[in-house]
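Coordinate analysis (summary)
What follows is each chain in one-letter form.
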2 protein chains.
Amino acid sequence: MLLSDRRIPKTQEELVKRIDHTVLKPEEGFQAINRAIEETEKYGFRALVIPPWAVKEAAGISRAKIATVISFPLGHDPIDLKKVQVERAVGDGASEVDVVINIMAALSGRLEYINREIVELTSFAHSMGAGIKFILETGSLNAELIASISKMVAEAGGDFVKTSTGFGSRGASIEDILIIRKAVGEKQGIKASGGIRTGLQALLMFAAGADILGASGSIRIMKEYPQALSEFKV
Amino acid sequence: MLLSDRRIPKTQEELVKRIDHTVLKPEEGFQAINRAIEETEKYGFRALVIPPWAVKEAAGISRAKIATVISFPLGHDPIDLKKVQVERAVGDGASEVDVVINIMAALSGRLEYINREIVELTSFAHSMGAGIKFILETGSLNAELIASISKMVAEAGGDFVKTSTGFGSRGASIEDILIIRKAVGEKQGIKASGGIRTGLQALLMFAAGADILGASGSIRIMKEYPQALSEFKV
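Structural notes, computed from the coordinates. All values reported here derive from a predicted model rather than from experimental measurement. (Residues numbered from 1 in each chain as written. Chains lettered and ligands numbered in written order. Predicted model: local features only at pLDDT ≥ 70, side-chain atom pairs only at ≥ 80, totals over all residues. Heavy atoms only, no water.)

With respect to the environment of Ile132(A)
Residues and elements named next belong to chain A. What counts, and what does not: Helical segments are the DSSP runs of H or I of at least four residues, strand segments are the runs of E of at least two, and each set is numbered from the N terminus. Relative accessibility thresholds used throughout: buried, under 20% of the residue-type maximum; exposed, over 50%; partly exposed, between the two (1.4 Å probe, protein chains only).
Within the fold, Ile 132 resides in strand 5 (residues 131-135). Exposure remark for Ile 132: the relative accessible area of 0% places this residue in the buried category. Separated by 123 residues in sequence, Ile 132 and Pro 9 have C-alpha atoms that sit 23 Å apart.

Given below as structure tokens:
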């Protein structure tokens, strides 16, 4: 069965708890973060995802769960610098970190390095009481790499495999989610992200196997979702 | 006079000393870094610009001047984390750092923050004996912001104002260089970067006021440059 309804939220209450409300594009400005803080509190989105420099200020004015991105969007910092970034983010008030894997290292065939990165950072984030997601940037990887790196995340105990940064050649695809879900089994968390703008796209990501999704246009998704659900329910 | 020949390299020896040979795209892989190390030594480019995680390994196999990028390409890390990244890069063997300014902060009108970032990081990098460039990402800024932030770099003593990351909406334009040069006067270093692929583009950047440029296709530029110079000399 390719698509399934086991992860499909059935109500708005369920849906909002599965959306990470996200502001990462520099052009949106801090005013977009302020607006997203209000929206996250108003609608009860799962978390607010913002750039590292904004975490401390946002944590001072919001009680929403805050996540930030590490070595974003290329993942090209040394492993121990990623740790320093995680440490600072948690100290500033983030309770989850979305870490970009070293994409160049992955594409250079250095999979032992990628595995070390995933193992060390998972253990480090968890020791600080923070959740951790690993962003693969699926648009840059072939299916084989997506599957093998997803397995590394699952084996290391990383909380979520996350597809995309939103700054790469493309965002999440249905195929990405199917490949990742097949690789990691049913229990591993998967976050679909990048280019998810409509209620129907959101529904398809859940049906393909995503547990949560990241979006800037969470309000539009929320509004369109009931109709998508009634018209296209798997 | 819009264009001038005062900064135009007249020979290949002069030209190569004005090109930072650059490998930053994850898709190019570490093999591209190895190739660029050889090319930098063979042709005598000004410096080799590579991602932070690759500095230590490259410094172990090359005597070329190595530069790396900090908080690249969004510049959205807190100022003190950028310092930690600079410290580590220099410790690993980089003698220059190309730091992305906090683009979101700039677009949010937080220019005091940007000024503090520029002042603190310049002083920090210089205290470690390293050169520092500030990448503005001109494609995201209007002419007024480009001019005012360029002035901050000049006043802080930053070594170069650098136009673009190569990952933004566009690369360096002739207009960018003219705006920056007008804002900072004749003595400030300017680096044109992003999308510079031909000998003629390189020539125009120098004629508009750039001191150096960054490119991945440095070999092509080097080969095309003499003809551009003979056909289009300002």
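Here's the deal with the relation of the copies chain A and chain B
Spelled out, the test is: Superposing copies: least-squares fit, C-alpha atoms only, residues required to have pLDDT of at least 70 in both. Contacts were defined at the residue level, with two residues in contact if any of their heavy atoms lie within 4.5 Å.
Superposing chain A onto chain B requires a rotation of 180° together with a translation of 0.0 Å along the rotation axis, leaving an RMSD of 0.0 Å. Here the transformation between the copies is reduced to the relation of a two-fold axis. Comparing interface residues between copies, 100% of those in chain A also sit at the interface in chain B, which points to an isologous, same-surface contact.

Some thoughts on the interface of chain A and chain B
Rule in force here: When two parts are brought into contact, each loses some accessible area as probed by a 1.4 Å sphere; the total of that loss over both is the buried area. Any carboxyl oxygen of Asp or Glu that lies within 4 Å of a side-chain nitrogen of Lys or Arg is treated as forming a salt bridge with it.
Counting residues at the interface gives 35 residues for chain A and 35 residues for chain B. Of the roughly 3,100 Å² buried at the junction of chain A and chain B (both faces included), carbon and sulfur atoms supply 65%. The largest share of the area that chain A buries against chain B comes from Trp53(A), His76(A) and Met104(A), three residues that together contribute 26% of it. At the junction of chain A with chain B, the criterion picks out 4 salt bridges. Arg110(A) is paired through a salt bridge with Glu57(B); the nearest N and O atoms lie 2.8 Å apart.

Description of the packing of aromatic side chains
As a reminder of what qualifies: Stacked, tilted and edge-to-face are the three classes applied to pairs of Phe, Tyr and Trp rings, where Trp contributes its six-membered ring and a pair requires centres within 6.5 Å; stacked means planes under 30 degrees apart, edge-to-face means over 60, and tilted covers the rest. In this scheme, Lys NZ or Arg CZ marks a charge over a ring once it lies within 6 Å of the ring centre and within 35 degrees of the ring normal.
Under the defined criterion, the tally for this structure stands at 10 aromatic pairs over all chains. A ring pair is formed by Phe206(A) and Tyr225(A), whose centres lie 6.4 Å apart and whose planes are at 85°; its orientation type is edge-to-face. Taken together, the residues Phe206(A) in helix 9 (residues 199-208) and Tyr225(A) in helix 10 (residues 218-232) connect sequence positions 19 residues apart. Tyr225(A) gets classed as buried once you look at its relative accessible area, which sits at 3%. Centre to centre, the rings of Phe72(B) and Phe167(B) are 5.4 Å apart; their planes meet at 90°, and the pair counts as edge-to-face. One end of the pair, Phe72(B), is in the loop between strand 3 (66-70) and helix 4 (79-92); the other, Phe167(B), is in the loop between strand 6 (160-162) and helix 8 (174-184), with 95 residues separating them in the sequence. The class for Phe72(B) is buried, based on a relative accessible area of 3%. For Phe167(B), a relative accessible area of 30% puts it in the partly exposed group. Through pairs of rings, three or more aromatic residues link up here, namely Phe30(A), Trp53(A) and Tyr113(B). Across from the ring centre of Phe30(B), 4.1 Å away, lies the NZ or CZ of Arg110(A), which sits over that ring.

Focus on the nonpolar core
Put simply, the rule reads: Side-chain atoms within 4.5 Å are what join buried Ala, Val, Leu, Ile, Met, Phe, Trp, Tyr and Cys residues into a set we call a nonpolar core.
In terms of nonpolar packing, the biggest core is built from 158 residues, with Ile149(A), Leu213(A), Ile149(B) and Leu213(B) touching the most fellow members. Contacts of Ile149(B), omitting those with residues within four sequence positions, involve Ile101(B), Ala106(B), Leu111(B), Ile114(B), Ile118(B), Leu136(B) and Leu141(B).

What about the sheet that holds strand 3 of chain B?
All names here are of chain B. Just so we agree on the cut-off: When DSSP finds at least two bridges between two strands, those strands are taken to pair. Only the stretch in contact is used when a helix axis is fitted, and all axes are lines through C-alpha atoms; the angle between N-to-C directions ranges over 0 to 180 degrees.
Ordered by their spatial adjacency, 8 strands build a closed barrel running 1-2-3-4-5-6-7-8, and the pairing between neighbours is parallel. For this sheet, the mean angle separating the axes of adjacent strands, direction not counted, is 25°. Two elements, strand 6 and strand 7 (residues 189-193), share 3 bridges in a ladder whose sense is parallel. Opposite Lys 162, over in strand 7, you have Lys 191 as the bridge partner.

Side note on the pattern of salt bridges
Counting across every chain of the model gives 40 salt bridges over all chains. Between Lys133(A) and Asp98(A) there is a salt bridge, and its shortest N-O distance comes to 2.8 Å. Residue Lys133(A) is found in strand 5, and its partner Asp98(A) is found in strand 4 (residues 96-100); the two are separated by 35 residues along the sequence. Neither Lys133(A) nor Asp98(A) differs from the other in exposure class; each is buried. One salt bridge in this structure joins Lys65(B) and Glu96(B), with 2.9 Å as the shortest N-O distance. Of this pair, Lys65(B) sits in the loop between helix 3 (55-61) and strand 3 while Glu96(B) is found in strand 4 (residues 96-100), placing the two residues 31 residues apart along the sequence. Owing to a relative accessible area of 33%, Lys65(B) belongs among the partly exposed residues under this scheme. It is possible to trace a salt-bridge network through shared partners that takes in Asp20(A), Arg46(A), Lys65(A), Glu96(A), Asp98(A), Lys133(A), Lys162(A) and Lys191(A).

Side note on the packing of helix 6 (residues 111-127) of chain A against helix 7 (residues 143-156) of chain A
Residues and elements named next belong to chain A. Here is the rule we go by: Note that the term roughly parallel is reserved for angles under 35 degrees, roughly antiparallel for angles over 145, roughly perpendicular for angles of 65 to 115, and oblique for everything else. Note on convention: the crossing is left-handed when the near helix lies turned anticlockwise from the far helix by less than a right angle, right-handed when the turn is clockwise. Think of it as three bins: nonpolar holds Ala, Val, Leu, Ile, Met, Phe, Trp, Tyr, Cys and Pro, charged holds Asp, Glu, Lys and Arg, and polar takes everything else, Gly as well.
For the pair helix 6 and helix 7, the least separation of the axes is 9 Å and the interaxial angle reads 30°. On the basis of the axis angle, helix 6 is roughly parallel to helix 7. The element helix 6 and its partner helix 7 pack so that their crossing is right-handed. For the pair helix 6 and helix 7, the contacting residues are Leu 111, Ile 114, Asn 115, Ile 118, Val 119 and Thr 122 in the first and Leu 145, Ser 148, Ile 149, Met 152, Val 153 and Ala 156 in the second. For the contact of helix 6 with helix 7, the per-class residue count stands at 9 nonpolar, 3 polar and no charged.

Focus on unusual backbone geometry
A cis amide bond links Phe72(A) with the next residue in sequence, Pro73(A), at an omega value of 5°. Within the secondary structure layout, Pro73(A) lies in the loop between strand 3 (66-70) and helix 4 (79-92). Of note in this structure, Ser71(A) is not a glycine but carries a positive phi near 55°. Examined against the element boundaries, Ser71(A) turns out to sit in the loop between strand 3 and helix 4. Even without being glycine, Glu137(B) reaches a positive phi, approximately 55°. By relative accessible area, which is 4% here, Glu137(B) ends up buried.

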